[in-house]
Amino acid sequence: MSHIKYLLLVSRQGKVRLMKWYQPLTEKAKTKIINDLTPLILGRKPKMCNILDYSDHKVIYRRYASLYFIIGITPNVDNELLCLDLVHRYVETMDVYFGNVCELDIIFNFAKAYDILNEMVMCDGSLAESSKKEVLYAVQTMDGMDDNDKLEKVLS
Amino acid sequence: MAASSLRSFIKDVRAAKTLADERSIVTKQSAKVRTKLRDDHLPHSKRRTNIQKLLYLYILGEKTHFGQVECINLIASDQFVDKRLGYLATNLLLDEQQDLLTLLTNMLNNDLTHLNKYIVSLALMTLGSLSSNELARDLYPDVEAIMQSSKDPFLLKKALQVVAKLICKDASLLEIFPLGFLTTNILSSGLLPTHGVWLGVCKVLTAILSNITSEVPEPTINEIVQQLKVLTPQLLSKLSSLNTKNLEPAFDVQGVQDPFLQCELISTLKWIFKISTELDAKDVLSFTDKFSDLLTQLATNTDTHKNPGQAVLYEITRTIFDLNMSQPLRILGINILGNFLKTGKGVKLNNNIKYVALNTLIDVVKREPDAVQRHRTFISSCLYDPDISIKFRSLELTFAILNEDNLLELVKEIICFLEKIANPNFDRLSPYVDIDDSKDLIVYSVDHLIEKFDLYPESKESEKLRNLFKILGVVGGIINLDTINEFLITINNITKWADKIGILFEMLQATISNDRANIGSQLVSIWCIGEYADILLKFESNDKVINEISMANYLLKLDSGSRISNNCLLIHYVMTAALKLSSKISEPAAVERLRQIIKSHSKDPNLSIQTKSIQYELIFNQPNNVKRLMLTAMPKFNRNRVVNNDEQTQLRKLQHQQENAKSNTTADLLLDLLSEPAPTKNKNKAPAQHVVLPENSTLINESNQLEVYSFPVSIVEGNAHFELYFKNKGPEVTNLQSLCAVPKTQKLILGQIHPSHNDIGINQFVKQSLKISGSGNLKLRVKLSYTSRDGGPMTEQFDHKFNHSI
């Protein structure tokens, strides 16, 4: 049973590229988490494990090129190892969608990154779809409908 | 030129050279978006651009509250492109606690019945992440309708997820949820149950099971149990079918078939068996054997080399221990975790599995200590892992498995480890550990090593002493000097003289001739000189390093050294040792040196040292036989250590039993004397403790519910100790709290209500101790609050003046 608290994408320079909170938190608490975790995780060496204890919960992270994917999880409910795979699945899906995804893709198309994420993870951070194909199909169909709308607008 | 599209806005922000530049761009855009959004006649495409900019501002961590209503308005549009962005923005910018959500109710209601399934899915997603309690109640029927009518797995999986969320929000919904629908329509249909739908089903089941409380009515529970009877085998067979080598490419994660669904199924089954055990649902529990077999099968067939397989295995072990399944399975679980520690070697360094394995082992080591013991070598090899959190966990685990049998071996291992990390160059050798971390590790190890000193049997006392000095030699300069006391107590309590003196002799030899011994070793040697000089001098040895003069010189040397470093603790130790030594030796030159040490501090700026020096000088000048009497060796020490929780509860239990026995007998005696009818004993509570009112207590207050008596335990000048007795006259009282105040010239220490502030039956007494210190007349103001079974919460207040003063 996955019960993710939040997902953050942070660049090597410590800039937030994407954030999604699955729990209602105050702005202050959110800022604190970001400010605490960024230096903590950026400072970790490659050989260290990807799981750390932070305040009342655990945080797992995974680095892809210049981008850190950070997930806050509920201890004893979430499976740490599985969450690492979840991150991987998300990255893989974006990789197919954007075609060799890189940080810039996410910066400029953050809305798409959110769309993909929302197809995979729903409600309070539980995994809704494990098939890459399904997720991509849904997002791409919706993209098509977007374009249709825009086209009609132009034609009318 | 201000940026007009989102793309150029992002580019501008990225191109900003300085932080100030960036700020000014962001503030400008933020203001612009704010004014634009206020314009009602803004065309939709512009509106979208501005909302997108707003989202970018959100990611940058800027304030976005001003656009929240606009996001919701965008949902109202007929166009899909508007709706999609509107829902996305609403999802991100709002959260469950905002009042604005009521604005959403209508729109969600409309969109949940929309013909376009993607619009329905967007509405579901939004309801799933933004469901206040009202939304949960209002919109649940719509979601259930989608679940019942939809033949599309895409909508079905989302509807199931949302149902699960709504049940968590409002647990009463589980009474109306048609659980039977899952089995009859969804899972048994050939086309519908995709993996997404299975995930949804698991989610709903978990939500229902985790929200079962005692308030759920009996018929609902029976219905749930009936359904679980059908569902459990379905889940089991799905799980078993996933464990194949025939991989479907869409679900293949590095050679494991959908580990996500596998874990979800395992954890759902865990919930089913957990709740069935609580409900004692035998029909469901009859599947336990099947579940155990399946878990064993999964454990053997799953690939252990890659993360997805490890995730499944990890889930299996967690389930085994959460459900406390049969012993062979528990051993299996421990072996899986043990293997996790192993795979780090050779194959590929994977610290994550080491981390989870150690973490879990620490939790379960108490249940299967022997099985964990078998993986000892791998656990201790993790001590040398570069990652500090793994080091710490393996250290903790090492101490957890340490027992009489492996004591010597493991302690050796730990000392070895300490030698490594106490090395001053260690932080340079291992870039992963900083100096503070290694200090924490050392302090932790030493504290626990000392605790384990009690484990050594009498026959191994010489090893204990040797280990002690080894530890001291390694970490004596790093540890907190208070810990030295623990070492001294251990030395003092060793009773096998022959070995002890031999080892002490060697140790002293080493430290006296070593100028660079650490402060810990120095303190211990000083203490040993003071304590055991006479016996050490009698010790037969060829080496004459230790004699009266050398010992006195050693003290003198340290004393003069400590003046420079101004180490008070060392001076205290030296003075006491000098005094004690003086009674044990006869060489006049040496005695004179010792006198000089003590005398030299008679004008010390540190008051406690000065006082000590003067007092010691007086004793020093006493005749030898008097001195010897005053300065005899230390008696055996009893350690008062803070016991850990388990022991504490055990101790507490013991105490309770004893008190029970005691108070019962006194009660009986009193009953005999007063020949009153026996007080009704509280039958449903096993440890019924009776507090009995002492004879000369006085009634100080009386209300409808409570009588309060006071009993003076002791009253001396400056201090008074009372006990307050509360007698419950009316119906049962719970949560009794008493607050007392005394005059300003006095101080009060208020004890806990004994035996319990809850469930005080009729005519039962409870007591509370009051310790007052200070001066003046004894006065008391008491405020009582409690909950009476009939009357609800009550408060009382009264003042009382005692006849005594302190």
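Computed from a predicted structure; not experimentally measured.

Procedures and definitions
Residues numbered from 1 in each chain as written. Chains lettered and ligands numbered in written order. Predicted model: local features only at pLDDT ≥ 70, side-chain atom pairs only at ≥ 80, totals over all residues. Heavy atoms only, no water. Helix = DSSP H or I, 4+ residues; strand = E, 2+ residues; numbered from the N terminus. Buried < 20%, exposed > 50% of the residue type's maximum accessible area, 1.4 Å probe, protein only. Contact = heavy atoms within 4.5 Å. Areas by Shrake-Rupley, 256 points an atom, 1.4 Å probe, with all protein chains shown as cover. Axes fitted to C-alpha atoms, helices over the stretch in contact; angles between N-to-C directions. Parallel < 35°, antiparallel > 145°, perpendicular 65-115°, else oblique. Left-handed = near helix turned anticlockwise from the far one by under 90°. Nonpolar A, V, L, I, M, F, W, Y, C, P; charged D, E, K, R; others polar. UniProt positions renumbered as here; feature names shortened; annotations may be inferred. Pairing = 2+ DSSP bridges. Buried area = accessible area lost by both parts, 1.4 Å probe. Salt bridge = Lys/Arg side-chain N within 4 Å of Asp/Glu carboxyl O. pLDDT = per-residue confidence, 0-100.

Summing up its helical and strand segments, chain B has 34 helices and 10 strands in all. Relative to its 806 residues, chain B shows a buried fraction of 51%. Expressed as a percentage of contacts within chain B between residues at least 6 apart in sequence, the contacts between residues at least 24 apart total 66%. Within the structure as shown, chain B displays about 38,400 Å² of accessible surface, and the carbon and sulfur contribution to it stands at 51%.

Moving on, we come to the packing of helix H3 (residues 44-59) of chain B against helix H5 (residues 80-93) of chain B. Residue and element names in this part refer to chain B. Two elements in contact, H3 and H5, have axes whose closest approach is 10 Å; the angle formed by their N-to-C orientations is 25°. In terms of axis orientation, H3 runs roughly parallel to H5. The interaxial crossing formed by H3 with H5 has left-handed handedness. Contact residues: H3 offers His-44, Arg-48, Ile-51, Gln-52, Leu-54, Leu-55 and Tyr-58, while H5 offers Val-81, Asp-82, Leu-85, Leu-88, Ala-89, Leu-92 and Leu-93. For the contact of H3 with H5, the class distribution of residues is 10 nonpolar, two polar and two charged.

Attention now goes to the UniProt feature "domain: AP complex mu/sigma subunit" (unreviewed entry) in chain A. In this structure's numbering, the residues bearing the UniProt feature "domain: AP complex mu/sigma subunit" (unreviewed entry) are residues 4-145 of chain A. Here residues 4-145 of chain A runs as 46% helix and 26% strand, with 30 Å between its end C-alpha atoms.

Backbone-to-backbone hydrogen bonds join strands into a sheet, with any given pair of strands oriented parallel or antiparallel. All names here are of chain B. Taken together, the five strands give an open sheet; going across it, the order is S3-S4-S5-S8-S7, and neighbouring strands pair in antiparallel fashion. The two strands at the open ends of the sheet, each matched to only one other strand, are strand S3 (698-702) and strand S7 (746-750). The average undirected angle you get between the axes of adjacent strands in this sheet is 25°. The pairing of strand S5 (residues 719-728) with strand S8 (residues 765-774) spans nine bridges and is antiparallel.

Before going further, it helps to spend a moment on the pairing of S5 of chain B. Residues and elements named next belong to chain B. Most of S5 is tucked away: nine of the 10 residues are buried. Where strand S4 (residues 706-716) and S5 come together, 10 bridges link them in antiparallel fashion. Within S5, the residue paired with Leu-706 across the bridge is Asn-728. Connecting S4 to the next strand, S5, in antiparallel fashion are two residues, including Gly-718 with a positive phi near 85°.

With that settled, the discussion passes to the interface of chain B and chain A. Residue-level contacts link 76 residues of chain B with 63 residues of chain A. Surface buried jointly by chain B and chain A totals about 6,200 Å² across both partners, of which 59% is contributed by carbon and sulfur atoms. In this structure, the connection of chain B to chain A is made through seven salt bridges. Along the lines of polarity and charge, the residues of the side of chain B that touches chain A split into 36 nonpolar, 21 polar and 19 charged.

Looking now at the confidence of the model for chain B. All names here are of chain B. For chain B, the average pLDDT comes to 77, and 88% of its residues sit at 70 or higher. Within chain B, the lowest mean pLDDT, 43, falls on helix H34 (residues 645-674), and the highest, 87, falls on helix H7 (residues 117-129). Low confidence marks residues 643-688, where pLDDT is under 50. Its contacts with residues over four positions away, or in another chain, come to 23 contacts. Scoring of the predicted complex yields 0.71 for pTM and 0.91 for ipTM.

So, about the sheet that holds strand S1 (residues 4-11) of chain A. One open sheet holds the five strands; their spatial order is S2-S1-S5-S4-S3 (chain A), and the pairing between them is antiparallel. Across the chains shown, the open sheet's two edge strands, defined by having one partner strand only, are strand S2 (16-21) and strand S3 (51-54) of chain A. When the angles between neighbouring strand axes are averaged without regard to direction, this sheet yields 20°. Relative to strand S5 (residues 67-73) of chain A, S1 of chain A runs antiparallel, the two sharing seven bridges. Bridge pairing links Leu-7 of chain A to Ile-71 of chain A in S5 of chain A. Of the strands in this sheet, S1, S2, S3, strand S4 (57-64) and S5 of chain A are in contact with helix H1 (residues 27-42) of chain A, which crosses S3 of chain A at around 140°. Here helix H18 (residues 351-364) of chain B sits on the sheet and contacts S3 and S4 of chain A; the angle it forms with S3 of chain A, its principal contact strand, is near 50°.

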